[in-house]
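# Examining the three-dimensional arrangement
Spelled out, the chains give:
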Amino acid sequence: METSAGAPAAGTIADEGAVIMSAYATAVKPYKGMGMEGAVARWYATLTKKSLDEFRALAQRAAEWVPAGGRVLEVAPGPGYFAIELAKLGDYEINGLDISQTFVDIARANAEQAGVRVDFQRGNASGMPFAEDTFDFLLCRAAFKNFTEPVRALEEMHRVLKPGGQALIIDLRRDASRENVAEAVDDMKLGAINSLLTKLTFRFMLLKRAYTKAQFEEMISRAGFGAAAIEQSLTGLEIRLTKNAGTS
Ligand SMILES: C[S@@+](CC[C@H](N)C(=O)[O-])C[C@H]1O[C@@H](n2cnc3c(N)ncnc32)[C@H](O)[C@@H]1O
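In short, a report on the structure.

Criteria and thresholds
- Residues numbered from 1 in each chain as written.
- Predicted model: local features only at pLDDT ≥ 70, side-chain atom pairs only at ≥ 80, totals over all residues.
- Heavy atoms only, no water.
- Helix = DSSP H or I, 4+ residues; strand = E, 2+ residues; numbered from the N terminus.
- Buried < 20%, exposed > 50% of the residue type's maximum accessible area, 1.4 Å probe, protein only.
- Near = heavy atom within 4 Å.
- Polar contact = N/O pair within 3.5 Å; in protein donor to acceptor, adjacent residues only side chain to side chain.
- Areas by Shrake-Rupley, 256 points an atom, 1.4 Å probe, with all protein chains shown as cover.
- Nonpolar A, V, L, I, M, F, W, Y, C, P; charged D, E, K, R; others polar.
- Phe/Tyr/Trp six-rings, centres within 6.5 Å; stacked < 30°, edge-to-face > 60°.
- Salt bridge = Lys/Arg side-chain N within 4 Å of Asp/Glu carboxyl O.
- Core = buried A, V, L, I, M, F, W, Y, C linked by side-chain atoms within 4.5 Å.
- Contact = heavy atoms within 4.5 Å.

Turning next to the environment of Thr 235. Tracing the backbone shows Thr 235 in the loop between strand E6 (228-232) and strand E7 (236-242). Looking at Thr 235, the relative accessible area reads 4%, which means it is buried. Taking the C-alpha atoms as reference points, Thr 235 and Asp 171, 64 residues apart in sequence, are found 8.6 Å from one another.

Turning our attention to the site of the ligand. Every one of the 20 residues lining the ligand counts as a neighbour, but Tyr 44, Ala 76, Asp 98, Ala 125 and Arg 141 are closest to it. A distance of 2.6 Å separates an oxygen atom of the ligand from a polar side-chain atom of Asp 98. Backbone polar atom of Ala 125 to a nitrogen atom of the ligand: 2.9 Å apart, as the coordinates give it. For the ligand, the accessible surface in isolation is 600 Å², of which the surrounding protein chains cover 98%. Counted by class, the shell around the ligand contains eleven nonpolar, five polar and four charged residues.

In this structure the tally under the stated criterion is eight aromatic pairs. Each ring, one from Phe 130 and one from Phe 135, has its centre 5.2 Å from the other, and the planes form 90°; the classification is edge-to-face. Classification of Phe 130 as buried rests on a relative accessible area of 11%. A network of ring pairs unites the aromatic residues Phe 144, Phe 147, Tyr 211 and Phe 216 as a single cluster.

The next thing to look at is the pattern of salt bridges. Where side chains of opposite charge bring their charged atoms close, a pairing between them can arise. Counted according to the given criterion, the structure contains 16 salt bridges. One salt bridge connects Arg 71 with Glu 93, and the closest N-O pair in it is separated by 3.6 Å. Placement of Arg 71 in strand E1 (residues 71-75) and of Glu 93 in strand E2 (residues 93-98) is noted, with a sequence separation of 22 residues between them. The class for Glu 93 is partly exposed, based on a relative accessible area of 42%. Salt-bridge contacts for Lys 88 lead to Glu 85; the nearest nitrogen and oxygen are separated by 2.9 Å. Judged by its relative accessible area of 45%, Lys 88 falls in the partly exposed class. By relative accessible area, Glu 85 is classed as buried at 7%. Members of the salt-bridge network, linked through shared partners, are Asp 53, Arg 56, Glu 85 and Lys 88.

To continue, consider the nonpolar core. Generally speaking, nonpolar side chains in soluble globular proteins are found buried as a group. Counting 32 residues, the largest nonpolar core has Phe 82, Leu 86, Ile 94, Phe 120 and Phe 137 as the members making the most contacts within it. Of all elements in the fold, only helix H2 (38-49), helix H3 (52-65), helix H4 (81-87), helix H5 (101-114), strand E4 (135-141) and strand E5 (161-172) reach the threshold of two or more residues within this core. Among the elements that take part in this core, H4 stands out by supplying six residues, more than any other. Other than its neighbours up to four places away in sequence, Phe 137 contacts Ala 62, Trp 65, Val 66, Arg 71, Val 72, Leu 73, Phe 82, Leu 161, Gln 166 and Leu 168.

Spatially, the C-alpha atom of Glu 93 lies 9.7 Å from that of Ala 68, the residues being 25 residues apart in sequence. Not counting chain neighbours up to four residues away, the residues in contact with Glu 93 comprise Gly 70, Arg 71 and Val 72.

Although it is not a glycine, Ala 76 sits at a positive phi angle of roughly 60°. With respect to the helices, strands and loops of the structure, Ala 76 is situated in the loop between E1 and H4. The backbone phi angle of Ala 142 is positive, close to 55°, even though this residue is not glycine. Relative to the helices and strands, Ala 142 resides in the loop between E4 and helix H6 (150-160).

Next comes the structure, spelled out in structure tokens:
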């Protein structure tokens, strides 16, 4: 499981240099995205259900930013916990877009069980099936690093937001130390095997795919967003983006 663990703290940012940054900004990532279908998706859904409090807290924060009756998009919602918790809090029109059919099925079942209406559908963050200027708010949590076309995904986020709309991206930071990542996993209170598997996944897969703050700044500047507010915790980044009024 991935978490945005911990309060943002002033961390040091590794200067990975302009060469790496521009490679990330322009390229399609060499791997084929995360194959989270079938048993892997179900395992993730069970694991993350233990963190419902975190999704609830995030939904409460989001509810402060979204106008009554507003349109919300969760990009790559996985099991859909955030979107479902938000739907419980107000009269929002919420969409979820995920590339995994297993996750779409799980999220739909979770929404039905919770008795809320969220429109979960299958689709790719780099080609969203939504008209421009549609959403007041969008969230993308623990997923951005997996996108094969990160700048394209940011451009799509920009396109589908209304002018003045906001995006919140929460993800692992590439320069998180192994010790801090291990501590964050320990905080998840997983069983011994899941804890070990999760630590290995972070170390050998997720950290390699993640971005530093500087890399995010570079990509954001290419995607049409103006200024970004980026906060760092020991292991994560929270990026708040606003689509300038008068742009589309
Ligand atoms: C680690 S899960 C995170 C799920 C959820 N956001 C959470 O916080 O628990 C990563 C998600 O990204 C989705 N994903 C990966 N690449 C995607 C893409 N290009 N477009 C849409 N979803 C994608 C996966 O199917 C998966 O649901």
